[in-house]
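Here's the letter readout for the chains.
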Amino acid sequence: MQPDLTISLDAIQRINQLLESRNSPDTRLRVYIEGGGCSGFQYGFQFDEETEEDDLLMEYQGIKVVVDMLSLQYLSGAEIDFKDDIMGSRFLVNNPNASATCGCGSSFSI
């Protein structure tokens, strides 16, 4: 099953740069949702070499991405993007499921 989750070219390029510095071919980008943040839920990103039983493993232009099934329901239709501008360097999630987001874009509510 390939969910309707996309990753922008800018994000793919940045993830590749970060992965190259780790020098580990088994490293995956884990994208997850957790409770917290100023809007109720927040996005999380981390590098992980393990895949859990309830993870969905996806590949985007050679980048391996894992998302647990609970988080996946909140990410359907979302796009992961990377911005480097006057506000700083950061990953953003453009999520059509979010009814509200905080000013920095790292948390959301449904």
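Structure shown above.
Trainee: Looking at this structure, how should I read the pattern of salt bridges?
Mentor: When the charged atoms of two side chains with opposite charge come close together, those side chains can pair. For the structure shown, the criterion picks out four salt bridges. For Asp81, the salt bridge identified is with Lys83, shortest N-O distance 3.3 Å. Taken together, the salt bridges that share partners define one network made up of Arg30, Asp48 and Asp55.

Trainee: Is there a simple way to think about the nonpolar core in this case?
Mentor: Among soluble globular proteins, nonpolar side chains are generally buried collectively. Core analysis: the biggest nonpolar cluster contains 22 residues, and Leu5, Ile7, Val65, Val67 and Leu75 have the highest contact counts within it. Every element with two or more residues in this core is listed here: helix 1 (9-22), strand 2 (28-35), strand 4 (55-60), strand 5 (63-68), helix 2 (69-75) and strand 6 (79-85). Counting residues per element, this core draws most heavily on helix 1, at four residues.

Trainee: When you look at the sheet that holds strand 1 (residues 6-7) in this model, what are you seeing that I'm missing?
Mentor: Hydrogen bonds along the backbone pair up the strands of a sheet, which may run parallel or antiparallel. The three strands are arranged 1-6-7 in an open sheet whose pairing can be described as mixed. Each edge of the open sheet is held by one strand with a lone partner, namely strand 1 and strand 7 (88-94). Two strands pair when backbone bridges link them, and strand 6 and strand 7 are joined in this way by seven bridges, in the antiparallel orientation. Looking across to strand 7, one finds that Glu79 is bridged to Asn94. With respect to the sheet, helix 1 is in contact with strand 1, strand 6 and strand 7, its orientation differing from that of strand 6 by roughly 75°.

Trainee: Sorry if this is basic, but what is going on with helix 1 here?
Mentor: Because each turn of an α-helix spans 3.6 residues, side chains separated by three or four positions in sequence point in the same direction. For helix 1, spanning 14 residues, the distance from its first C-alpha to its last is 20 Å, which sits close to the expected 20 Å at 1.5 Å a residue. Following helix 1 by one or two positions, Asn23 has its phi on the positive side, about 50°.

Trainee: Got a minute to help me understand the side chain of Asp81 in this structure?
Mentor: If you trace the backbone, Asp81 turns up in strand 6. Of note is the side chain of Asp81, whose polar atom sits 2.6 Å from the side chain of Ser8. A polar side-chain atom of Asp81 sits 3.3 Å from a polar atom in the side chain of Lys83. Contacts of Asp81, omitting those with residues within four sequence positions, involve Ser8, Asp10, Ala11, Arg90, Phe91, Leu92 and Asn94.

The rules behind these values
Residues numbered from 1 in each chain as written. Predicted model: local features only at pLDDT ≥ 70, side-chain atom pairs only at ≥ 80, totals over all residues. Heavy atoms only, no water. Salt bridge = Lys/Arg side-chain N within 4 Å of Asp/Glu carboxyl O. Core = buried A, V, L, I, M, F, W, Y, C linked by side-chain atoms within 4.5 Å. Buried < 20%, exposed > 50% of the residue type's maximum accessible area, 1.4 Å probe, protein only. Helix = DSSP H or I, 4+ residues; strand = E, 2+ residues; numbered from the N terminus. Pairing = 2+ DSSP bridges. Contact = heavy atoms within 4.5 Å. Axes fitted to C-alpha atoms, helices over the stretch in contact; angles between N-to-C directions. Expected span 1.5 Å × (residues − 1). Polar contact = N/O pair within 3.5 Å; in protein donor to acceptor, adjacent residues only side chain to side chain.

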